[in-house]
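Listed here are the chains, written in short residue letters.
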Amino acid sequence: MNNINNPQRRRFLGGAALAATVATAGTAVARSALAALPEAPKQSSADTQAPWTPPGVTGAGRPYNPVVTLNGWTLPWRMNNGVKEFHLIAEPVVREMAPGFLVNMWGYNGQSPGPTIEVVEGDRVRIYVTNRLPEHTTIHWHGQRLPNGMDGVGGLNQPQIPTGKTFVYEFEARRPGTFMYHPHADEMTQMAMGMMGFWVTHPKQKHPHISDVQRDYCFLLNAFDVEPGSMTPRVNTMLDFNIWSWNSRVFPAISPLVARLGDRVRVRVGNLTMTNHPVHIHGIEFEVTGTDGGPVPKTARWPEVTTDVAVGQMRQLEFIADEPGDWAMHCHKSHHTMGAMGHDVPTLIGVDHRGLVKPLQRVNPDYMVMGERGMADMGEMEMELPANTFPMMTGTGPYGPIEMGGMFTTLKVRADLKAGDYRDPGWYQQPPQTQSRPVDVPEAAPRAATPSGTPQGTAKKPGAGQGHAHH
Ligand SMILES: [Cu+2]
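Since we're looking at a predicted model, the values are computed, not measured.

Regarding its fold elements, the protein chain presents 5 helices and 24 strands. Expressed as a percentage of the 471 residues in the protein chain, the buried residues total 40%. Long-range pairs, those at least 24 residues apart, make up 72% of the contacts in the protein chain with a sequence separation of at least 6.

Listed below in structure tokens is the structure:
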């Protein structure tokens with residue numbers, strides 16, 4: 001990725017320009033452009049990109065263990081006289097929410113969410129923002145300490161950035177932690193269209209409440225309202241979103257979080273939806289070690305397996321990955337682990353549809369019965385979907401349909417991983433005799449029922465033994 005290793009590039013660069021190009025690491029900055037805007041790298045893939053390690057540049061700050069953005073990437077910067085310079089382009093993008101499911105969004109540098117900005121405490125940061133949207137925008141740097149005029153609230157702190165214009169933000173990353181960025185201009189529309197991104201500031205030295213971790217993941221909770229079969233979110237939806245996503249991806253298209261047995265893992269989550277999400281991880285216990293307000297002192301932490309991430313909040317979850325396996329990790333609101341669905345589907349469990357379907361299909365040829373036995377059938381139903389949507393419950397594991405969608409992925413803990421290897425290791429091979437299995441033994445004979453509420457054996461009514469035993 002570093003252009004300095006590319007001999008073709010090297011030929012065009014001399015002395016000072018060479019030094020500057022080392023810092024851009026991947027952005028091709030022509031010598032004539034060095035005095036101008038930094039290049040704005042674009043990302044064409046919705047895959048999780050390998051962590052971005054900055055080149056060893058004097059003044060670049062202490063080295064750190066870089067974050068991995070789920071189904072995202074980190075924005076390279078260039079160093080300009082001791083200032084880390086970034087260039088974000090606000091623009092329409094097409095985001096692949098799942099293979100075959102494309103949505104017209106607004107985002108930054110080719111994707112929604114935009115790239116993660118990753119710096120070190122004390123860094124001087126300059127961010128150019130070019131607006132290629134059809135309307136004005138701004139960027140608010142959620143959680144940061146900065147001069148009032150850099151806070152990005154259109155009308156309050158600055159005039160909005162008109163279409164076609166570039167504004168520059170500059171401040172010092174004063175405190176380490178977990179932050180995000182998003183517009184503060186026509187906010188409901190622009191966030192409904194996917195405009196948001198993550199920001200991580202690493203501590204510049206050992207911090208009493210910030211642990212070293214071997215794996216550091218981040219993602220944003222977001223939601224969209226896309227009519228099945230269409231490609232553009234409705235932007236006036238207030239609460240009734242139908243797509244619940246992590247970094248604008250839905251299960252099974254969200255990358256797994258991969259960890260080596262014994263790793264300390266940090267997961268940074270920010271919520272830019274309009275409702276709360278109880279984030280739940282199976283197999284381990286975690287602590288909330290920080291919020292967008294800063295690190296949580298060690299004495300103030302408690303163990304959890306689920307933590308609610310409220311609207312506009314960020315949480316850092318940390319745990320030791322000490323149980324091998326494929327562990328579910330998901331929002332615990334069960335309708336948030338579903339794909340796009342009609343909201344007005346009646347509960348039909350136990351309803352006998354015989355004789356009903358034909359007359360209904362005369363009125364609506366597409367009428368389909370679902371949910372007679374529960375909704376699990378949806379997981380394997382090869383139902384014809386409108387073009388450009390994804391099934392309501394989907395994803396197939398080694399033992400069959402997982403019957404999940406939306407805000408769901410897996411934590412994959414393996415003993416045989418290399419440090420820094422984030423590739424999906426495939427499905428976990430369970431050791432023999434460690435999996436739940438069917439049994440084939442006769443049921444116990446039913447006991448005689450007793451009148452309800454009466455201790456067994458104290459009252460006997462004639463005929464009470466005729467019915468079914470209550471289990
Ligand atoms: Cu949720």
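More follows now that the structure is in view.
Right, let's get into the nonpolar core. If you look at the biggest cluster of nonpolar residues, it comprises 82 residues, and the most contacted ones within it are Leu 88, Ala 90, Met 180, Trp 199 and Tyr 217. Apart from the residues lying within four places of it in its own chain, the contact partners of Ala 90 are Trp 106, Tyr 108, Val 129, Thr 130, Asn 131, Arg 132, Leu 133, Thr 137 and Met 195.

What follows deals with the sheet that holds strand β5 (residues 117-120). Pairing within the open sheet is mixed, and its 4 strands lie in the order β5-β10-β9-β7. Two strands in the sheet have a free side with no partner beyond their single neighbour: β5 and β7 (140-142). Each strand of the sheet is rotated relative to its neighbour by a mean of 25°, with strand direction disregarded.

Taken together, the 5 strands give an open sheet; going across it, the order is β13-β24-β21-β15-β19, and neighbouring strands pair in mixed fashion. Looking at strand neighbours, the two that pair on one side only are β13 (257-260) and β19 (306-309), the edges of this open sheet. Looking at each pair of strands side by side, their axes are set apart by 20° on average, direction ignored. For β13 and strand β24 (residues 408-414), the ladder comprises 4 bridges, and the chain directions are parallel. The residue of β24 that forms the bridge with Arg 260 is Arg 414.

Turning our eyes to something else, we now look at the environment of Gly 294. If you trace the backbone, Gly 294 turns up in strand β17 (residues 294-295). Taking the number of C-beta atoms within 10 Å as the measure of exposure, Gly 294 has 14 and is therefore partly exposed. When the C-alpha positions of Gly 294 and Arg 315 are compared, they lie 9.7 Å apart, and in sequence the two are 21 residues distant. Aside from chain neighbours lying at most four places away, what touches Gly 294 is Arg 175 and Gly 177.

You can see Asp 421 is positioned in the segment after β24. For Asp 421, a count of 12 C-beta atoms within 10 Å translates into the label exposed. Each C-alpha atom, one on Asp 421 and one on Val 258, is 8.1 Å from the other, the two residues being 163 residues apart in sequence.

With that settled, consider the confidence of the model for the protein chain. When the pLDDT values of the protein chain are averaged, the result is 83; 75% of them are 70 or greater. A low-confidence stretch, residues 342-346 (pLDDT under 50), is modelled with 2 contacts involving residues beyond four sequence positions or located in other chains. Every residue in residues 457-471 scores below 50 in pLDDT, and together they form 15 contacts with partners more than four places removed in sequence or on other chains.

Residue Pro 113 follows Ser 112 across a cis peptide bond; omega there is -5°. Residue position: Pro 113 is located in the loop between β4 (101-108) and β5. In this structure, Pro 252 follows Phe 251 across a cis peptide bond, with omega equal to 5°. Assignment of secondary structure puts Pro 252 in the loop between β12 (243-246) and β13. In this structure, Asn 247 takes a positive phi of about 50° despite not being glycine. Overall, Asn 247 belongs to the buried group, with 27 C-beta atoms counted inside 10 Å. If you check the backbone angles, Ser 248 has positive phi at about 55° while not being a glycine. Mapping Ser 248 onto the fold places it in the loop between β12 and β13. Take Ser 248: there are 28 C-beta atoms within 10 Å of it, and that puts it in the buried class.

The rules behind each value
All residue numbers here refer to positions counted from 1 along the written sequence of the relevant chain. Only residues with pLDDT of 70 or above have their local features reported here, since the model is predicted, and side-chain atom pairs are shown and tallied only from 80 upward, although totals for entire chains, interfaces and linings are computed over all residues. For the purposes of this entry, the term helix denotes a DSSP run of H or I that reaches at least four residues, the term strand denotes a run of E that reaches at least two, and both are numbered from the N terminus. In this scheme the burial state of a residue depends on its C-beta neighbours within 10 Å: 20 or more other such atoms mean buried, 12 or fewer mean exposed, and anything in between means partly exposed; the C-beta positions come from the backbone. Here, residues touch in the contact sense if the C-beta positions derived from the backbone fall within 7 Å of one another. To form a nonpolar core, buried Ala, Val, Leu, Ile, Met, Phe, Trp, Tyr and Cys residues must be joined through C-beta atoms within 7 Å. Any two strands with at least two DSSP-identified bridges between them are counted as paired. Lines fitted to C-alpha atoms define the axes here, with helix axes fitted over just the stretch in contact, and angles between the N-to-C directions of these axes take values from 0 to 180 degrees. For every residue, the predictor states its confidence as a pLDDT score lying anywhere from 0 to 100.

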